[in-house]
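One-letter residues, chain by chain:
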Amino acid sequence: MTELLQYLVTGLGGGCAFALVGSGLVVVYRVTRVVNFAQGSFAVIAAMTASTLLASGLPHGLAEALAVAVGAVTGAAVGLVAIGKPGTPPDASLIVTLGLGVFAYAVEILVWGDQPRSFRGVPGAVDLFGARFQAHYLLIIGATLAVFAGLGLLFARTDIGRALSACASNPYAARVVGIDVTRMGLLSFGVAGALGGLAGILVTPIQLVTFDYDVTLVVGGFAAAILGGLMRPALTLVGGLLLGVAQALVAGYGNGAYQLEVALVLLLTVMIWRAARQPIAQQEAA
Amino acid sequence: MNAARGRTARWLPAAATAAVTLALPPLLSSSHLSIYILLGLAAIVTVGLSMSMGYAGQVSLGQAAFYAIGGYTAGLLAVHGVPPLAGLLAAPLAAAAFALVVGVPLLRLRGHHLAFATLAMQLILLSLVSQADWTGGAIGLQGVPRFSVGGVEFADDIAYAYLVWAAAAGTLLVARNIVTSRPGRGLRALATSETAAAASGVPVGRYRLTVFATAAAFAGLAGGIYAFYLGYLSPGSFPVLLSVEYVVMAVVGGLGTLWGALVGATAIVLLVQVLNTIGTQPGMPAHAPSVLSYAVYALLLVLVVLFLPRGIVPAVRARLDRVHTADRAGRATTGQHPSTS
Amino acid sequence: MLEVSELTVRYGLATALDRVSLTVGAGEMVALIGPNGAGKSTLVNTLSGILSPAGGTVTVRGRLAHVPEGRQLFPDLTVDDNLRLGGWRVRNRDTGPIYDVLPALAPLRRRRAGQLSGGQQQMVAVGRALMARPDVLAVDELSLGLAPLVVADLVRHLRTLNAERGLAVLLIEQNARLALDLCGRGYVLEAGRVVAAGTAADLAADPRVAAAYLGAAA
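Rules used in this analysis
- Residues numbered from 1 in each chain as written.
- Chains lettered and ligands numbered in written order.
- Predicted model: local features only at pLDDT ≥ 70, side-chain atom pairs only at ≥ 80, totals over all residues.
- Heavy atoms only, no water.
- Helix = DSSP H or I, 4+ residues; strand = E, 2+ residues; numbered from the N terminus.
- Rg over C-alpha atoms; globule rule 2.2 N^0.38 Å.
- Buried < 20%, exposed > 50% of the residue type's maximum accessible area, 1.4 Å probe, protein only.
- Contact = heavy atoms within 4.5 Å.
- Areas by Shrake-Rupley, 256 points an atom, 1.4 Å probe, with all protein chains shown as cover.
- Lys, Arg positive; Asp, Glu negative; His and termini not counted.
- Charge placed at Lys NZ, Arg CZ, Asp CG, Glu CD.
- Expected span 1.5 Å × (residues − 1).
- Buried area = accessible area lost by both parts, 1.4 Å probe.
- Salt bridge = Lys/Arg side-chain N within 4 Å of Asp/Glu carboxyl O.
- Polar contact = N/O pair within 3.5 Å; in protein donor to acceptor, adjacent residues only side chain to side chain.
- Domains from an automatic or database assignment.
- Nonpolar A, V, L, I, M, F, W, Y, C, P; charged D, E, K, R; others polar.
- Patch = residues over 30% accessible without salt bridge, like charges linked within 9 Å, V, L, I, M, F, W, Y side chains within 5 Å.
- Pairing = 2+ DSSP bridges.
- Right-handed = clockwise from strand over helix to strand, strands pointing away.
- pLDDT = per-residue confidence, 0-100.
- Axes fitted to C-alpha atoms, helices over the stretch in contact; angles between N-to-C directions.
- Phe/Tyr/Trp six-rings, centres within 6.5 Å; stacked < 30°, edge-to-face > 60°.
- Lys NZ or Arg CZ within 6 Å of the ring centre and 35° of its normal.
- Arc of directions from axis to C-beta.

Draft legend 1. Representation of the overall build of chain A within the structure. What chain A contains, in helices and strands, is 12 helices and 2 strands. Helices and strands appear in chain A in the N-to-C order α-α-α-α-β-β-α-α-α-α-α-α-α-α. Relative to the globule expectation of 19 Å for 286 residues, the C-alpha radius of gyration of chain A, 19 Å, shows essentially globular dimensions. If you line up chain A on its principal axes, its C-alpha atoms span 60 × 45 × 35 Å. By the burial criterion, 55% of the 286 residues in chain A qualify as buried. In chain A, the share of contacts with a sequence separation of at least 24, taken over all contacts with a separation of at least 6, comes to 75%. Of the accessible surface of chain A, which amounts to about 10800 Å², a share of 67% is contributed by carbon and sulfur atoms. Chain A carries 13 positive and 12 negative side-chain charges, and their two centres are separated by 12 Å.

Shown next as structure tokens:
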């Protein structure tokens, strides 16, 4: 029983990272219809930045916050290249983000080298019904829930959030009403950068991060987000947590080496199941 | 007179390229020969991918998976005593078979969903191959014998160069036939609008699967040759980045044009070689080659997608067309008869 | 209120509007009729700032709001959110007055815009445009796909807004009879050019216009 609880908690922690990355994908996709392949890179860059800042003496909290800000700026920069040029169709933007994700490798290796990095998170351990796990997991889960609640409020209650939803819903009408769709797109990329960055700094204390960790994150994030069709943050959270827990259970009770397959098979199953229910014309329009 | 000239002009570039590439191998040094071979292999994979992406509109981020299947099929068969020719022929068949099986569920997806699904497919395949003992696991498959046909062993690089040339020529001919045939035109309709194509009676599902499997077969064939050439395979030889490279080659050259696949593959392979040479100069840090190649691929891909969206070959063709039309228009208005000029 | 002078708009090499000039005075209702592809929507998109002209000028004394062809609502958002977004340019979030002017919308406030009927959606589109507190309303194909009774109701609202608030209206319509009945003046746009202009009565009486747009038995 305590074992199960332990796996659940570690699974939820890992799942939160996927949920955050996935929510970044959702924010960008809703507003611009672009699938951002560079989403994982925001996490890696933020994690690397945080480790450098911490190593150079900055206190915890400040270093992580700055790292998330770096993530946001990186996100906006990616957005600028991907959608800044007027007339770029979403499929072309997708390939551009793929290219920028590869470019990120070059930057990461150049600045930080190719060795894995980590840093300490929240110290100490917690006892819950006999299961012991690092206190850091509580931070991960707490922060993620707070962020998702914030996202929900943003989209539903604020003017900017409504404008973002408008761009997602009908870009032409958004322009009619006077919303600068490109600027909203850039904003969404910036928010995605911050979300990815947050995922990066939260997960590094429990997971060694190397420059190619972004593939794991973006695949997991996509698997989480696809549950909501890349459009619904709440379902992304559910998807991410389910994925994390499934992986933890497979690792704990089965073979740890198959974690990736779990994510991928889940991803494929959900995608194909959804596609089977959607007529082609609708998929083309999406 | 003009019509005949037009017909000749059309197959002249292809014939010239074929002749030049055929004559090259004996003239190249051994390091250049290995570049020639890798280029040829890349071109074979890219032709299939370019067809898939350009004609059927199917983005694949997992083409290296089929390359790997071809390589491992040929390699495993050869290691267990099967004659190499049979192994080489089995390679594209195995890749195509895998594509047919996987394609049925996968091709229900479109656009970015399909892109991610193919990426997932490759990751799963790589992971499984790394963990299976019978494929050599993460260390890889060693000791693949040299290719031989009827007792004649392919010992030198130059033999493989000709093998690759033959495979590339064959692949291009097959691709050209598919593209210019009636099903091929149905394919082009697919790339623009699937609903419209279906409405016009194009058997959409069957065509998509056929293109997918054919592209896989091409990649499988290239993989098979690769296995014999290198004599050694490991999961590390087929990373996701390789699939991205093929996409870069296809996009840069020009999706859906056969020349584009050739131009793209040539450009990227040569570029990588140049970068490697620069990156391994004395005085460059250890990770310079990888940094340079990642940075340059990425920039090239981004610049081409943003500024030359249809790729190099269509852009060049458009430029040539404009010159040609202006030229003809000029002659027409000045009343010049072509044969007098 | 609205002055368009020598407006030229191009799509690549094709000229969609060729030196088009028209005016809409304060409190006027002006019709713009013409066949499909004449450039009417191009004109409105240019007025609305979505397209940029290659030549000529557009001068608006006050604000212009655009009711787009085909409604173009935000289908996943509620009626109230749709209206609220209409006030984006002027930072107006107060949807109350709209429900006063268009009371039929009040019971629909929380409904998703995509689930409404065509007529209801058209009303939301008009309400959304009104949120920008415009001085001129450019209405593109109001009657498209709507039943005559529904159109009559919408027209009544427009007339009231024009009479009581002095809201100027530029009515772009393929249904020429509707447009000329409602408006005092009109223009006929064909293939990007203004081919006829005058009072509604004059246009209706013009035999060419009558034959092309009103049916020979006008």
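Draft legend 2. Spotlight on the arrangement of the chains. Of all 2 pairs of chains sharing an interface, the pair with the highest contact count is chains A and B. In this assembly chain B lies apart from chain C, the nearest approach of their C-alpha atoms being 15 Å.

Draft legend 3. Inspection of helix α1 (residues 2-32) of chain A at higher detail. All names here are of chain A. The terminal C-alpha atoms of α1 lie 45 Å apart, and with 31 residues this matches the ideal 45 Å at 1.5 Å per residue to within 8%. Burial analysis of α1 places 23 of its 31 residues in the buried class, the great majority of the element. Just past α1, the residue arginine 33 takes up positive phi, approximately 60°.

Draft legend 4. Region of the structure containing the interface of chain C and chain A. In this assembly, 19 residues from chain C lie in contact with 16 residues from chain A. In this assembly, chain C packs against chain A so that about 1600 Å² is buried in total across both faces, 62% of it on carbon and sulfur atoms. The largest contributions to the chain C side of the interface with chain A come from C:Ile50, C:Phe74 and C:Trp88, which together make up 36% of the buried area. A:Asp159 is the salt-bridge partner of C:Arg93, the closest N and O atoms lying 2.5 Å from each other. On the surface where chain C and chain A come into contact, there are 7 residue pairs in polar contact (both at pLDDT 80 or more).

Draft legend 5. Up close: the domain arrangement of chain C. Residue and element names in this part refer to chain C. For chain C, the assigned domains are domain 1 (1-62 + 135-147 + 168-218) and domain 2 (70-134). Distance from the C-alpha centre of domain 1 to the C-alpha centre of domain 2: 25 Å. Three residues, Asp135, Leu137 and Leu146, lead the burial of domain 1 against domain 2; their summed loss comes to 56% of the area buried on that side. Inspection of the domain 1/domain 2 interface yields 0 salt bridges. On the surface where domain 1 and domain 2 come into contact, there are 2 residue pairs in polar contact (both at pLDDT 80 or more).

Draft legend 6. Inspection of the interface of chain A and chain B at higher detail. Tallying the contact residues gives 43 residues for chain A and 36 residues for chain B. Carbon and sulfur atoms supply 82% of the area that chain A and chain B bury against each other, a total of about 3600 Å² over both sides. Inspection of the region where chain A meets chain B yields 1 residue pair in polar contact (both at pLDDT 80 or more). Mapped by element, the contributors of at least two residues to the side of chain A that touches chain B are α4 (90-112), α9 (213-226), α11 (259-277) and α12 (280-285) of chain A. Of all the elements, α4(A) adds the most residues to the side of chain A that touches chain B, at 13 residues. The residue makeup of the side of chain A that touches chain B, split by class, is 36 nonpolar, 4 polar and 3 charged.

Draft legend 7. Structural context of the environment of B:Ala68. One can find B:Ala68 in helix α3 (residues 63-79). On the basis of relative accessibility, which here comes to 7%, the residue B:Ala68 falls in the buried class.

Draft legend 8. Local environment of a nonpolar patch on the surface. Residues and elements named next belong to chain A. A surface patch of nonpolar side chains, amounting to about 420 Å² of accessible area, comprises Met1, Leu4, Leu8 and Tyr253. In this fold, methionine 1 is placed in the segment before α1. Overall, the relative accessible area of 73% leaves methionine 1 in the exposed class.

Draft legend 9. Molecular detail of the pairing of strand β7 (residues 168-173) of chain C. All names here are of chain C. Buried residues dominate β7, accounting for 6 of its 6 residues. With burial as the criterion, each face of β7 is covered, one bearing Ala168, Leu170 and Ile172 and the other bearing Val169, Leu171 and Glu173. Across 5 bridges, the pairing between strand β6 (residues 136-140) and β7 is parallel. For valine 136, the partnering residue across the bridge sits in β7 and is alanine 168. One crossover worth recording links β6 to the parallel β7 by way of helix α5 (residues 148-165), and it is right-handed.

Draft legend 10. Highlighting the pairing of strand β8 (residues 185-190) of chain C. Residues and elements named next belong to chain C. The element β8 is extensively covered by neighbouring structure, given that 5 of its 6 residues are classed as buried. Across 4 bridges, strand β3 (residues 29-33) lies against β8 in parallel orientation. In the strand pairing of β8, leucine 32 is matched with tyrosine 187. Where β8 folds back onto strand β9 (residues 193-199) in an antiparallel hairpin, the turn is made up of 2 residues, including alanine 191, whose phi is positive at roughly 50°.

Draft legend 11. The arrangement of the environment of A:Ala55 in detail. As for its placement among the helices and strands, A:Ala55 is situated in helix α2 (residues 39-55). Along the backbone, A:Ala55 and A:Ala234 are 179 residues apart, and their C-alpha atoms lie at a distance of 36 Å.

Draft legend 12. Geometry of the pattern of salt bridges. Per the counting criterion, the structure on display carries 13 salt bridges over all chains. Here B:Arg146 and B:Glu153 are joined by a salt bridge, their closest N and O atoms 3.3 Å apart. We note a salt bridge from C:Asp153 to C:Arg156, for which the minimum N-O separation is 2.4 Å. Note that C:Asp153 and C:Arg156 are positioned in helix α5 at a spacing of 3 residues, about one turn of the helix. Owing to a relative accessible area of 26%, C:Asp153 belongs among the partly exposed residues under this scheme.

Draft legend 13. Here's a closer look at the confidence of the model for chain A. With 95% of its residues at a pLDDT of 70 or more, chain A has an overall mean of 86. Segment residues 281-286 of chain A: pLDDT under 50, and 11 contacts once partners within four positions in sequence are set aside and those in other chains are kept.

Draft legend 14. Representation of the sheet that holds β9(C) within the structure. Residues and elements named next belong to chain C. What the 6 strands build is an open sheet, ordered β5-β6-β7-β3-β8-β9; its pairing is mixed. With partners counted over all chains shown, the strands left at the sheet margins are β5 (64-67) and β9, one partner each. Geometrically, the sheet is characterised by an average inter-axis angle of 15° between neighbouring strands, direction not taken into account. Summarising the sheet, β8 and β9 pair through 6 bridges and their orientation is antiparallel. Each residue of the ladder has a partner; that of valine 188, found in β9, is alanine 196. Against the sheet, helix α4 (residues 118-130) engages β5 and β6, with an angle of about 165° to β5.

Draft legend 15. Layout of the packing of aromatic side chains. By the definition in use, this model includes 13 aromatic pairs over all chains. A ring pair is formed by A:Phe37 and B:Phe116, whose centres lie 4.8 Å apart and whose planes are at 10°; its orientation type is stacked. One end of the pair, A:Phe37, is in the loop between α1 and α2; the other, B:Phe116, is in helix α5 (residues 111-131), on a second chain. B:Phe116 matches A:Phe37 in its accessibility class, with the two residues each being buried. With centroids separated by 6.2 Å and ring planes inclined at 70°, the aromatic side chains of B:Tyr226 and B:Phe238 adopt a geometry described as edge-to-face. Of this pair, B:Tyr226 sits in helix α9 (residues 204-230) while B:Phe238 sits in the loop between α9 and α10 (240-253), and the two are 12 residues apart along the sequence. Owing to a relative accessible area of 11%, B:Tyr226 belongs among the buried residues under this scheme. Ring pairs connect the aromatic residues B:Tyr67, B:Tyr72, B:Tyr226, B:Phe238 and B:Tyr246, which therefore count as one cluster. Over the aromatic face of A:Tyr29 sits the side chain of A:Arg33, whose NZ or CZ is 5.5 Å from the ring centroid.

Draft legend 16. Structural context of α5(C). All names here are of chain C. Taking 1.5 Å per residue, 18 residues should reach 26 Å; α5 reaches 25 Å between its end C-alpha atoms and fits that length. Those residues of α5 lying buried are Val151, Leu154, Val155, His157, Leu158, Leu161 and Asn162. Seen from one end, α5 has its buried residues packed into an arc of 155°, which puts them on one side. Among the exposed residues of α5, those oriented more than 90 degrees off its buried face are Leu149, Ala163 and Glu164. Buried residues in α5 make contact with β3, α3 (96-101), α4, β6, β7 and α6 (176-182). Once α5 ends, the next one or two residues include glycine 166, with phi positive near 70°.

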